[in-house]
Structure formats: C-alpha cells, structure tokens
Amino acid sequence: MNKNSLFADSLSERGFAVSDNFFTKNELRGFYKALEQSLIEDDFKQAGIGTGADFQKNKSIRGDKIVWIGENNYDGLLDSWHKFIKELCDYLNFNLFVGIRDKEFHFAFYPKGAFYEKHIDQFKGRNNRLISCVLYLNERWQPGDGGELVLYLGNGEKEVIAPTFGKIVCFRSELFEHEVLITNSGRYSITGWLLNYPKGLGFLGY
Ligand code: OGA
Ligand code: NI
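Here goes a summary of the coordinates provided. Please read all numbers here as calculations on a predicted model, not as lab measurements.

**Some remarks on the site of ligand 1**
Lining the immediate environment of ligand 1, one finds Tyr 110, Tyr 116, His 119, Asp 121, Val 134, Tyr 136, Leu 149, His 178, Val 180, Arg 187, Thr 191 and Trp 193. His 119 places a polar side-chain atom, nitrogen or oxygen, 3.1 Å from an oxygen atom of ligand 1. At 2.8 Å from an oxygen atom of ligand 1 is found a side-chain nitrogen or oxygen belonging to Arg 187. Elements with a contribution of two residues or more to the shell around ligand 1: strand 4 (116-119), strand 5 (129-136), strand 9 (177-180) and strand 10 (187-195). The greatest single-element share of the shell around ligand 1, amounting to three residues, is contributed by strand 10. Classifying every residue of the shell around ligand 1 gives seven nonpolar, three polar and two charged.

See below:
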C-alpha cells in the first residue's frame, strides 16, 4: 500500500480524498514560484493589450484570477506536480477503470475579500470533468484567514477544508457542490480537472 493507492482508494470509496503529504516544502515553494511568475507575466501581457488583469468577470460569483498552465516547462518547477498527476491518473485508469483521457490545470489567486459561491464543476453541455483537484500553496495560512473549501457531501453533511500549504484535495466533479469561503488574505492554488474527453472535445457533451 503506497500513499497514491490510499489516496485513490479514498477517492473512489468516498468520492473525495484529502492529503498533506505528497510534496516536500521545497517542491511546494517551487510550485509557488511558478505560479507567481505566471501571474506576473500575465499581468504584463494584459497591461500590454490594455485589458487589465484577467480576473473572473462576474465577481459576485467568483473573485479569483486564473492563469492556465501550458506546455512550457516552467524551468522544471512543476515536474513533481506533473508526476503526481500522471501517477494518480495511471492508478485510477488501470486499477479503478476510471477512463481519464486528458487534464487541465490553472493557477488561481484569490485576493483578500474574494470567494467562489456554491457551484458544481460541470457546465451544461460540457460534462467532461471527472475529478476536480486542488493543491493549496498558502505557506502562512492560519485559522481566521478564511478561504476554506466547503464540500457538500449530501444528507446535510459537509467537509470544511483549510487551504494550508501542500494540502491536496480531489473530488468527483459531478457529485459535490462546493464553495470557497471569503478569504481574508491572498489565497493561492493549483486547480484543475481530470477529463474523460480531450480538452477540445468537451463541448460535444461527453
Ligand atoms: C473551482 C473551485 C476550489 C478551491 O475552481 O472550481 O471550486 O478550493 N476551487 O479553490
Ligand atoms: Ni469548483
């Protein structure tokens, strides 16, 4: 039994899994650095074309700023992240027959005061998202800082998850409504989805 199989088994049995021990502090600081650089570069790009920062348009629903993680290698800073995701996908596909065929991830930054109201991670006519994954990168998070993820498990039960440094949460995208509570300090994460259809084909409604 390694930690990958424990994590994946919890995901398949309960529909969600939470773990704190997949990455070293150094790896996490590297992820944060890649995030910071991407957000800064994006700000420059946006400023250059005069549209301002790419914050989500409807701040009454969500107030985060996102930058999609592309094909570039981020100076190797994300290598262990990609390795983790690949191993998770392989385990889910080969042992639990999940059928993941693609993935998409973005960096996310919630400024102070931002939140993401209760929602489900599948859109009408685009339900290729099988599993939602979030890795938190808030090295100095403390109780009172807010920004907790609330997973609604059904039957009135819920799980409140603090966005602490290195915590990873995965859950079945179609099962759980969830929300991000208002954050009282900057909140950073890598967020994304394991897909059952290649990114570009989501619109087909598979
Ligand atoms: C999302 C989301 C949760 C989190 O981006 O869809 O629900 O904890 N994020 O950041
Ligand atoms: Ni969500």
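After presenting the structure, the write-up continues.
**Considerations on helix 1 (residues 3-14)**
The α-helix advances 3.6 residues per turn, and as a result positions three or four apart in sequence lie on the same side. A rise of 1.5 Å per residue sets the reference length of helix 1, with its twelve residues, at 16 Å; its end C-alpha atoms lie 16 Å apart and thus fit the reference within 8%. Within the span of helix 1, buried status applies to Asn 4, Ser 5, Phe 7, Ala 8, Asp 9, Ser 10 and Leu 11. Check the buried side of helix 1 and you find it contacts strand 1 (16-19), helix 3 (79-96), strand 5 and strand 8 (168-172). Just past helix 1, the residue Gly 15 takes up positive phi, approximately 90°.

**Points about the coordination of the nickel ion (ligand 2)**
At the metal site, the nickel ion (ligand 2) is ligated by His 119 (NE2), Asp 121 (OD) and His 178 (NE2), and these contacts range over 2.0 to 2.1 Å. The motif formed by the donor residues of the nickel ion (ligand 2), counted along the single chain, is H-x1-D-x56-H. Pair noted here: His 119 is in strand 4 and His 178 is in strand 9, with a separation of 59 residues, a long-range link. On the accessibility criterion, His 119 (13% relative accessible area) is buried. Overall, the relative accessible area of 4% leaves His 178 in the buried class.

**What about the sheet that holds strand 4?**
With respect to topology, four strands assemble into an open sheet ordered 4-9-6-7, the strand pairing being antiparallel. Because the sheet does not close on itself, it has two edges, and the strands there are strand 4 and strand 7 (157-161). In this sheet, adjacent strand axes meet at a mean angle of 15° when their direction is disregarded. In this structure, strand 6 (residues 149-154) lies alongside strand 9, joined through four bridges in antiparallel fashion. Residue pairing across strands places Val 150 opposite Glu 179, the latter belonging to strand 9.

**What about the packing of aromatic side chains?**
Applying the stated criterion across every chain yields a total of 14 aromatic pairs. Residues Phe 7 and Phe 22 carry aromatic rings whose centres are separated by 5.3 Å and whose planes lie at 85° to one another, so their mutual orientation is edge-to-face. Here Phe 22 lies in the loop between strand 1 and helix 2 (25-48) and Phe 7 lies in helix 1, a separation of 15 residues in the sequence. Residue Phe 7 shares its accessibility class with Phe 22, and that shared class is buried. With centroids separated by 6.0 Å and ring planes inclined at 35°, the aromatic side chains of Trp 81 and Phe 84 adopt a geometry described as tilted. Here Trp 81 pairs with Phe 84, and both are found in helix 3, just three residues apart, close to one helical turn. By relative accessible area, Trp 81 is classed as buried at 1%. What makes Phe 84 buried here is its relative accessible area of 4%. An aromatic cluster of three or more residues is present, and its members are Phe 7, Phe 22, Phe 23, Phe 31, Trp 81, Phe 84 and Phe 105.

What counts and how
- Residues numbered from 1 in each chain as written.
- Chains lettered and ligands numbered in written order.
- Predicted model: local features only at pLDDT ≥ 70, side-chain atom pairs only at ≥ 80, totals over all residues.
- Heavy atoms only, no water.
- Near = heavy atom within 4 Å.
- Polar contact = N/O pair within 3.5 Å; in protein donor to acceptor, adjacent residues only side chain to side chain.
- Helix = DSSP H or I, 4+ residues; strand = E, 2+ residues; numbered from the N terminus.
- Nonpolar A, V, L, I, M, F, W, Y, C, P; charged D, E, K, R; others polar.
- Expected span 1.5 Å × (residues − 1).
- Buried < 20%, exposed > 50% of the residue type's maximum accessible area, 1.4 Å probe, protein only.
- Contact = heavy atoms within 4.5 Å.
- Donors = N, O, S within 2.8 Å, 3.2 Å for Na, K, Ca; no water.
- Pairing = 2+ DSSP bridges.
- Axes fitted to C-alpha atoms, helices over the stretch in contact; angles between N-to-C directions.
- Phe/Tyr/Trp six-rings, centres within 6.5 Å; stacked < 30°, edge-to-face > 60°.

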